[in-house]
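# Chain and residue survey
Listed below are the residues making up each chain.
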Protein chains: 2
Amino acid sequence: MEHMDKRTLSTMIDAAMHRVPADLVIYNCNVVDVYTGTIRADSIAITDGHIVGFGDDYRGREEYNANGAYAAPGLIDAHIHIESSYTSPEEFGRMVVPRGTTTVIADPHEIVNVYGLEGFNYMIRAAEKTELSVRYMMPSCVPATPLEDSGAIVNAFDMQWPMGDRHVPGLGEFMNYPGIINKSDEDLNKLLVALNMHKVIDGHSPGLTGAQLNAYAASGVKTDHECSTVKEMTERLERGMYVQMRDGSACHDLKNLIPAITPFNYKRCLLCSDDRQPRTILEEGHIDNHLRMLVKAGIDPVMALCMATLNCAECYKLEDRGGLAPGKRADIVLFNNLEDFRAQAVFIEGKKIAEDGKYLPSFEKTPIFSVRGSMHVKPFTVDQLKMHLTGTHVRAIEIVLDGVTTKAAEADVKLDQDGDFIFDPAQDIVKIAVLERHHNTGKIGLGFLKNYGIRRGAVALSVAHDSHNIICVGVSNEEMYAAIQALIEQEGGFVLVEDNKVISSLPLPIAGLMSDLPGEEVAARIKEMHDTAYERLDINREIEPVMTLCFMSLLVIPELKISTRGMFDVTKFDFVPAEIT
Amino acid sequence: MEHMDKRTLSTMIDAAMHRVPADLVIYNCNVVDVYTGTIRADSIAITDGHIVGFGDDYRGREEYNANGAYAAPGLIDAHIHIESSYTSPEEFGRMVVPRGTTTVIADPHEIVNVYGLEGFNYMIRAAEKTELSVRYMMPSCVPATPLEDSGAIVNAFDMQWPMGDRHVPGLGEFMNYPGIINKSDEDLNKLLVALNMHKVIDGHSPGLTGAQLNAYAASGVKTDHECSTVKEMTERLERGMYVQMRDGSACHDLKNLIPAITPFNYKRCLLCSDDRQPRTILEEGHIDNHLRMLVKAGIDPVMALCMATLNCAECYKLEDRGGLAPGKRADIVLFNNLEDFRAQAVFIEGKKIAEDGKYLPSFEKTPIFSVRGSMHVKPFTVDQLKMHLTGTHVRAIEIVLDGVTTKAAEADVKLDQDGDFIFDPAQDIVKIAVLERHHNTGKIGLGFLKNYGIRRGAVALSVAHDSHNIICVGVSNEEMYAAIQALIEQEGGFVLVEDNKVISSLPLPIAGLMSDLPGEEVAARIKEMHDTAYERLDINREIEPVMTLCFMSLLVIPELKISTRGMFDVTKFDFVPAEIT
């Protein structure tokens with residue numbers, strides 16, 4: 001409830017008291033009560049965007065027959081990067097609201113890595129055009145580590161003003177946990193801004209345990225979405241942290257965490273998608289998908305809904321939502337049943353926004369001029385992609401299925417007379433390059449990738465977590481060069497090249513991260529691109545060609561990664577040469 | 001966590017990381033985890049007043065062997081009026097901390113009714129001298145109704161500044177629910193102050209149901225402590241309200257509400273005492289008493305502790321406490337077991353404050369000069385206590401056992417030739433008077449009280465909810481006059497008179513509400529006074545002579561009450577003559 005005015009308060013009381021008809025009454029519904037864990041047949045009276053009362057004797061200027069559907073609070077995604085949908089916030093809202101999502105806690109750290117606070121502001125403006133309620137966390141780690149070449153640096157001083165905004169719940173996932181436990185001055189400053197503004201601090205601590213986890217929690221970190229085992233989840237819950245159980249396009253932790261849920265600790269469990277591609281949203285849904293998984297695994301449906309609604313509102317201090325009660329926002333989803341969780345209608349602030357899977361309001365999009373034209377690459381030649389190795393024994397980033405972690409592999413490769421790598425179709429190892437694209441610095445990091453499967457052509461992307469430089473993989477320097485040049489020309493996005501020619505592409509003009517096309521079209525083009533990648537380039541069909549590559553530059557996820565400055569050993573938290581001598 | 005500084009944060013991280021010894025390690029304890037609902041053998045490391053980690057490998061500059069005791073978060077009373085302990089906040093803290101209470105949400109509306117915001121300020125200053133953490137709600141209804149003669153009026157405008165204090169969680173119990181549902185402008189203003197400062201609004205809505213309860217909840221009221229039945233409790237929970245289950249010296253609702261608790265809705269249940277006299281605290285305990293009752297009734301002990309700790313912290317947004325976890329205040333109670341709940345030691349911010357029932361620190365008391373000398377009664381004569389009735393059929397306030405509600409009874413009484421009441425030992429009806437004592441207005445309200453039992457002398461008090469004028473009951477005008485004069489001379493408190501002489505008394509110099517003596521002495525003197533009242537004045541032994549009388553002027557509790565302006569019908573919300581014509 002924000003800036004309540006007397007007229008609204010007065011009208012709400014009058015409507016509750018039957019002195020005036022409600023704006024809307026949803027009748028003939030089964031109210032899912034996440035406060036008491038019960039379901040009851042009731043009617044909901046709504047006025048000025050708020051629920052004002054329960055009772056079958058309410059009359060409304062408008063009345064909606066729910067036909068016995070289950071009325072649940074609007075679903076909340078506790079942690080998502082909208083950029084990973086490759087669509088703008090307006091399009092993202094159009095896709096997820098019909099699935100029952102009415103609020104997301106979004107961390108726009110992808111675009112902020114490219115454009116700094118100007119990117120943050122664009123995301124806020126764009127979210128104003130969707131009925132979905134988007135609450136943006138202030139990205140905490142831009143760049144993700146001090147060792148990166150990101151488009152922008154956001155320090156503790158810079159974030160004080162945006163953090164002061166009441167609509168910013170706090171500090172986004174604090175990926176740089178070594179910075180906290182080793183007390184980097186700037187990281188302590190960031191924590192102090194959040195702590196003294198009494199804001200939420202989101203965590204990101206894969207594998208952290210014992211004293212290190214104690215230190216991380218003692219610093220005020222309140223959540224974690226990187227749990228992949230029951231043990232990790234339990235250790236975090238015992239330290240007072242909320243656990244955001246993740247099921248995204250890349251990471252599928254929820255299924256492994258369900259056994260950790262108890263009738264007591266579920267109040268500290270939230271649901272999140274973290275990264276969710278448009279196709280996943282369109283085909284599998286959003287948080288409704290998590291609900292189906294939970295209920296199928298035997299979790300009580302009201303308990304599951306509580307994780308998807310009230311718990312999240314409590315964690316992020318969104319006191320105006322999370323449950324159906326007088327005084328709360330009328331964010332209501334009507335589900336056909338509590339197994340399929342198909343949203344037959346979705347109301348946001350008392351207005352019907354979606355019905356039968358369709359987003360109803362027409363909307364304009366926010367202009368993107370402030371966040372386009374992001375490819376600032378220093379001119380380079382194909383020769384700059386050459387390596388100059390002295391021996392054949394090298395490190396290779398080994399792709400691990402179903403996740404974003406990698407293994408540090410070793411391999412023996414073929415070299416030409418100058419010491420450059422020669423692709424050998426007999427072994428699944430290729431060159432991987434990361435090129436700085438924000439400030440024309442000309443930095444190029446080179447290394448090796450294992451298990452990607454590519455046997456022809458090249459793939460180039462401007463989505464490369466978290467600094468979003470250009471990442472490219474290919475079977476020859478020439479193919480790679482062609483892919484990168486095409487990528488620059490199309491303002492970023494994804495490019496597939498074969499025989500030095502583009503065979504598939506998707507431009508992402510918004511910061512090189514997001515498309516300006518409708519989500520369905522983006523999904524279709526990515527699908528076509530994946531098919532092309534599997535069929536023409538022979539990329540490993542067990543992995544997702546684009547997203548897998550995007551994470552190869554994320555220096556905070558173990559074990560081996562690559563940046564503009566070369567290969568990076570996450571365990572040692574330092575760069576390592578590609579060659580093992 | 002308030003104004004965290006870098007040195008503290010840094011030291012906490014170092015202690016968590018074993019780089020420096022902790023200030024204190026409590027080892028060999030069973031940690032009660034209110035996040036997960038489990039109990040585990042563990043050690044707790046504490047630094048700079050905060051928990052920094054769990055683990056048996058921590059070493060501290062000080063180490064405390066818990067000998068297997070249960071380590072629980074410090075208990076929180078969700079709603080209490082400290083004034084009802086008849087002791088100052090310092091003494092109150094000394095009494096309740098050894099019982100395991102480390103935080104109370106206090107509504108100082110008794111003293112604010114006498115002294116306005118100066119009384120509020122005194123309570124804050126006094127609480128600074130106790131280790132108990134006291135969070136004061138801003139009293140919402142001073143006076144309780146617009147029909148009273150209180151010492152002060154606090155309107156919406158006045159309360160903006162104290163409400164802006166981060167340590168003030170919100171607006172105290174909004175007793176004037178008719179003001180809300182009938183949209184009194186000033187009451188809506190008070191709500192708007194709280195709503196727009198995003199503060200908690202405490203409720204008080206005995207018997208409210210249906211549309212009226214919807215309107216009350218829609219206005220943002222978040223809690224209620226006046227539930228006395230399972231039905232009332234459930235209806236409030238279903239409207240998203242927290243229910244504060246009360247067991248006080250006067251009201252014993254908890255026992256009736258236990259059947260309403262479920263493994264799901266318990267998260268919305270808090271524990272409170274509302275009004276608790278010193279003897280009750282010393283003999284039966286404080287919130288530890290509620291825990292014993294809950295567990296004896298079959299409630300899971302960790303669930304019970306969760307109601308007494310985390311739930312309350314969540315409701316009142318006290319994010320720095322409520323559970324044992326790194327980063328939280330080290331407010332820890334060591335209980336011998338989870339049935340008796342005897343606190344063998346109590347730590348507040350990592351310091352041992354109580355052990356074996358003893359409060360350890362020495363403390364000074366805040367000077368009381370700003371809140372003493374509160375008896376401003378216009379000189380009056382014994383004749384002004386005379387009634388001038390024309391008939392013998394009258395209304396009488398009928399005392400109901402075990403509660404603060406009354407019945408509107410009717411009776412036939414004897415009159416003298418001037419129409420004044422003559423006490424008849426054959427029927428249990430006496431005169432009751434309320435005299436204005438704040439502004440020398442000379443207002444005197446007269447009426448009748450049934451079932452008090454008094455057969456000799458008089459009783460006079462300056463504690464008379466909520467305006468705290470003088471309330472007096474006696475068998476003759478002369479006895480009443482003597483009691484009132486003695487009360488004025490001793491600066492308020494309690495006086496018993498027989499044959500026009502004081503036979504027992506307790507001065508309450510702090511606003512006529514609180515003693516400056518130690519709690520044990522206050523308890524002993526009240527005990528002696530009760531015995532005297534029963535033995536010498538023949539007061540009904542089934543009621544508590546002092547507290548019962550205190551509530552006879554509380555105009556917001558049905559059915560019949562009395563104020564400086566005469567008898568008051570709460571159901572009609574209007575004054576009624578003593579005589580029925």
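Cut-off values and rules
Residues numbered from 1 in each chain as written. Chains lettered and ligands numbered in written order. Predicted model: local features only at pLDDT ≥ 70, side-chain atom pairs only at ≥ 80, totals over all residues. Heavy atoms only, no water. Helix = DSSP H or I, 4+ residues; strand = E, 2+ residues; numbered from the N terminus. Rg over C-alpha atoms; globule rule 2.2 N^0.38 Å. Buried < 20%, exposed > 50% of the residue type's maximum accessible area, 1.4 Å probe, protein only. Contact = heavy atoms within 4.5 Å. Areas by Shrake-Rupley, 256 points an atom, 1.4 Å probe, with all protein chains shown as cover. Buried area = accessible area lost by both parts, 1.4 Å probe. Salt bridge = Lys/Arg side-chain N within 4 Å of Asp/Glu carboxyl O. Polar contact = N/O pair within 3.5 Å; in protein donor to acceptor, adjacent residues only side chain to side chain. Nonpolar A, V, L, I, M, F, W, Y, C, P; charged D, E, K, R; others polar. Pairing = 2+ DSSP bridges. Axes fitted to C-alpha atoms, helices over the stretch in contact; angles between N-to-C directions. Disulfide = S-S within 2.5 Å. Phe/Tyr/Trp six-rings, centres within 6.5 Å; stacked < 30°, edge-to-face > 60°. Lys NZ or Arg CZ within 6 Å of the ring centre and 35° of its normal. Least-squares fit on C-alpha atoms with pLDDT ≥ 70 in both. Parallel < 35°, antiparallel > 145°, perpendicular 65-115°, else oblique. Left-handed = near helix turned anticlockwise from the far one by under 90°. pLDDT = per-residue confidence, 0-100. Right-handed = clockwise from strand over helix to strand, strands pointing away. Arc of directions from axis to C-beta.

In terms of helices and strands, chain A carries 17 helices and 30 strands. At 25 Å, chain A has a C-alpha radius of gyration in line with the 25 Å of a compact globule built from 581 residues. Relative to its full complement of 581 residues, chain A shows a buried share of 67%. Counting only contacts in chain A whose residues sit at least 6 apart along the sequence, the fraction spanning at least 24 positions is 70%. Approximately 18500 Å² of chain A is accessible, and the part contributed by carbon and sulfur atoms is 49%.

Listed as interface residues are 70 residues of chain B and, on the opposing side, 70 residues of chain A. Of the roughly 5500 Å² buried where chain B meets chain A, counting both sides, 59% is carbon and sulfur surface. In this structure, the connection of chain B to chain A is made through twelve salt bridges. The interface formed by chain B and chain A holds 24 residue pairs in polar contact (both at pLDDT 80 or more) in total. Contributing elements (two or more residues each) for the side of chain B that touches chain A: helix 1 (6-16), strand 3 (50-54), helix 6 (177-181), helix 7 (185-196), helix 8 (210-218), helix 9 (230-238), helix 13 (301-308) and helix 14 (310-315) of chain B. Of the residues contributing to the side of chain B that touches chain A, the split by class is 35 nonpolar, 17 polar and 18 charged.

Residues and elements named next belong to chain A. Taking strand neighbours across the sheet as the criterion, the three strands line up as 6-7-8 in an open arrangement whose pairing is parallel. The open sheet has two edge strands, strand 6 (75-80) and strand 8 (133-136), and neither has a second partner. Averaged over all pairs of adjacent strands, the angle between strand axes in this sheet comes to 15 degrees, irrespective of strand direction. Relative to strand 8, strand 7 (residues 101-106) runs parallel, the two being bridged by four bridges. Bridged to alanine 106 within strand 8 is tyrosine 136. Running over the sheet, helix 12 (residues 287-296) touches strand 6 and strand 7 and is turned about 105 degrees from strand 6.

Moving on: the state of the cysteines. Applying the stated criterion to the full structure yields zero disulfides over all chains. No disulfide involves cysteine 312 of chain A; its sulfur sits 6.4 Å from that of cysteine 315 of chain A, the nearest cysteine. With no disulfide of its own, cysteine 251 of chain B lies 9.3 Å from the sulfur of cysteine 272 of chain B, the closest cysteine sulfur. Residue class for cysteine 251 of chain B comes out buried when judged on its relative accessible area of 9%.

Bringing the packing of aromatic side chains into the picture now. Here the distance between the centres and the angle between the planes together describe a pair of aromatic rings. Residue and element names in this part refer to chain A. The tally for this structure, following the rule as stated, stands at 24 aromatic pairs over all chains. Where tyrosine 64 meets phenylalanine 347, the ring centres are 5.2 Å apart and the plane angle is 85 degrees; that geometry is what we call edge-to-face. Of the two residues, tyrosine 64 is situated in strand 4 (residues 60-65) and phenylalanine 347 in strand 15 (residues 343-348); the sequence distance between them amounts to 283 residues. Accessibility assignment for this pair places tyrosine 64 and phenylalanine 347 in one class, buried. These aromatic residues form a ring-pair network of at least three members: Phe568, Phe573 and Phe575. The aromatic ring of tyrosine 242 is capped on one face by arginine 268, whose charged end is 4.0 Å from the ring centroid.

With that settled, consider the relation of the copies chain B and chain A. Each copy superposes on the other: chain B lies on chain A with an RMSD of 0.1 Å after a rotation of 180 degrees and an axial shift of 0.0 Å. Seen this way, the second copy is the image of the first under a two-fold rotation axis. Taking the C-alpha atom as reference, chain B places proline 263 of chain B closest to the rotation axis, 3.8 Å from it. Interface overlap between copies is the fraction of interface residues in one copy that are interface residues in the other; for chain B against chain A it reaches 100%, indicating a shared surface.

This next bit is on helix 9 of chain B. Within helix 9 of chain B the residues assigned to the buried category are Glu232, Met233, Glu235, Arg236, Leu237 and Glu238 of chain B. In the segment just after helix 9 of chain B, glycine 240 of chain B is the residue with positive phi, at about 80 degrees.

We now examine the packing of helix 7 (residues 185-196) of chain A against helix 1 of chain B. The contact between helix 7 of chain A and helix 1 of chain B brings their axes to 10 Å, and the two run at 115 degrees. The angle between helix 7 of chain A and helix 1 of chain B falls in the class roughly perpendicular. Taken as a pair, helix 7 of chain A and helix 1 of chain B cross one another with a handedness that is right-handed. Packed against helix 7 of chain A, whose contacting residues are Asp185, Leu188, Asn189, Leu191, Leu192 and Leu195 of chain A, the element helix 1 of chain B presents Lys6, Leu9, Ser10 and Ile13 of chain B at the interface. Tallied by class, the residues present in the contact of helix 7 of chain A with helix 1 of chain B amount to six nonpolar, two polar and two charged.

Attention shifts here to the pattern of salt bridges. In the structure shown here, the tally under the stated rule is 78 salt bridges over all chains. Across the pair lysine 183 of chain A and aspartate 14 of chain B runs a salt bridge whose closest N-O atoms are separated by 2.7 Å. Here lysine 183 of chain A is found in the loop between helix 6 (177-181) and helix 7, whereas its partner aspartate 14 of chain B is found in helix 1 on a different chain. In this structure lysine 183 of chain A comes out as partly exposed when scored by relative accessible area, which is 25%. It is possible to trace a salt-bridge network through shared partners that takes in Arg455, Arg456, Glu498, Arg536 and Asp538 of chain A.

Below, the discussion takes up the side chain of histidine 79 of chain A. Residue and element names in this part refer to chain A. Mapped onto the elements of the fold, histidine 79 is located in strand 6. Residue classification places histidine 79 among the buried positions, given a relative accessible area of 1%. In terms of polar contacts, histidine 79 uses its side chain to reach the side chain of histidine 81, at 3.3 Å. With sequence-adjacent residues up to four places away left out, histidine 79 is seen in contact with Ile105, Asp107, Glu173, Asp202, His225, Gln244, Cys272, Ser273 and Asp274.

For chain A, mean pLDDT is 96; residues scoring 70 or higher make up 99% of the total. In the predicted complex, the global pTM is 0.95; the interface-specific ipTM is 0.94.

Cis peptide bonds are those with omega within 30 degrees of zero, and the linkage from valine 142 of chain A to proline 143 of chain A qualifies with 0 degrees. On the secondary structure map, proline 143 of chain A appears in the loop between strand 8 and helix 5 (160-164). Even without being glycine, alanine 511 of chain B reaches a positive phi, approximately 65 degrees. By the element assignment, alanine 511 of chain B lies in the loop between strand 27 (501-507) and helix 16 (519-536). You will see that aspartate 538 of chain B, though not glycine, has its phi angle at about 70 degrees, which is positive. Within the element layout of this structure, aspartate 538 of chain B appears in the loop between helix 16 and helix 17 (545-550). You can call aspartate 538 of chain B partly exposed: its relative accessible area is 30%.

The strands making up a sheet associate through hydrogen bonds between their backbones, and the pairing can be parallel or antiparallel. Residue and element names in this part refer to chain A. With mixed pairing, eight strands are arranged side by side in an open sheet as 19-18-23-22-25-24-26-27. Both outer strands of the open sheet, strand 19 (406-412) and strand 27 (501-507), are each paired with one neighbouring strand and no more. Across the sheet, the axes of successive neighbouring strands diverge by a mean angle of 25 degrees, strand direction being ignored. Relative to strand 19, strand 18 (residues 393-399) runs antiparallel, the two sharing seven bridges. Within strand 19, the residue paired with alanine 396 across the bridge is alanine 409. Against the sheet, helix 15 (residues 477-489) makes contact with strand 22 (429-435), strand 24 (458-461), strand 25 (470-474), strand 26 (493-498) and strand 27, and its axis sits at roughly 145 degrees relative to strand 26, the strand it touches most. Here helix 16 (residues 519-536) sits on the sheet in contact with strand 26 and strand 27, set at roughly 150 degrees to strand 27.

Now for the pairing of strand 6 of chain A. Residues and elements named next belong to chain A. Counted residue by residue, strand 6 has six buried out of six residues, so it is predominantly covered. Both strand 6 and strand 7 contribute to a ladder of four bridges, which runs parallel. The partner of isoleucine 80 across the bridge, within strand 7, is alanine 106. Assessed by its sense of winding, the connection that carries the chain from strand 6 through helix 2 (residues 89-96) to strand 7 is right-handed.

A few words now on the environment of proline 301 of chain B. All names here are of chain B. Summarising the element assignment, proline 301 is placed in helix 13. Overall, the relative accessible area of 22% leaves proline 301 in the partly exposed class. Taking the C-alpha atoms as reference, proline 301 lies 46 Å from isoleucine 432; in sequence the two are 131 residues apart. Non-local contacts of proline 301, meaning those with residues more than four positions away in its chain, are made with Val295, Leu338 and Phe341.

This brings us to helix 4 (residues 117-127) of chain A. Residues and elements named next belong to chain A. Looking at helix 4, one finds that the buried residues are Gly119, Phe120, Tyr122, Met123, Ala126 and Ala127. When helix 4 is viewed along its axis, its buried side chains cluster within an angular range of 160 degrees and face the same direction. Structurally, helix 4 contributes buried residues whose contacts are with helix 2, helix 3 (109-115), strand 8 and helix 5.

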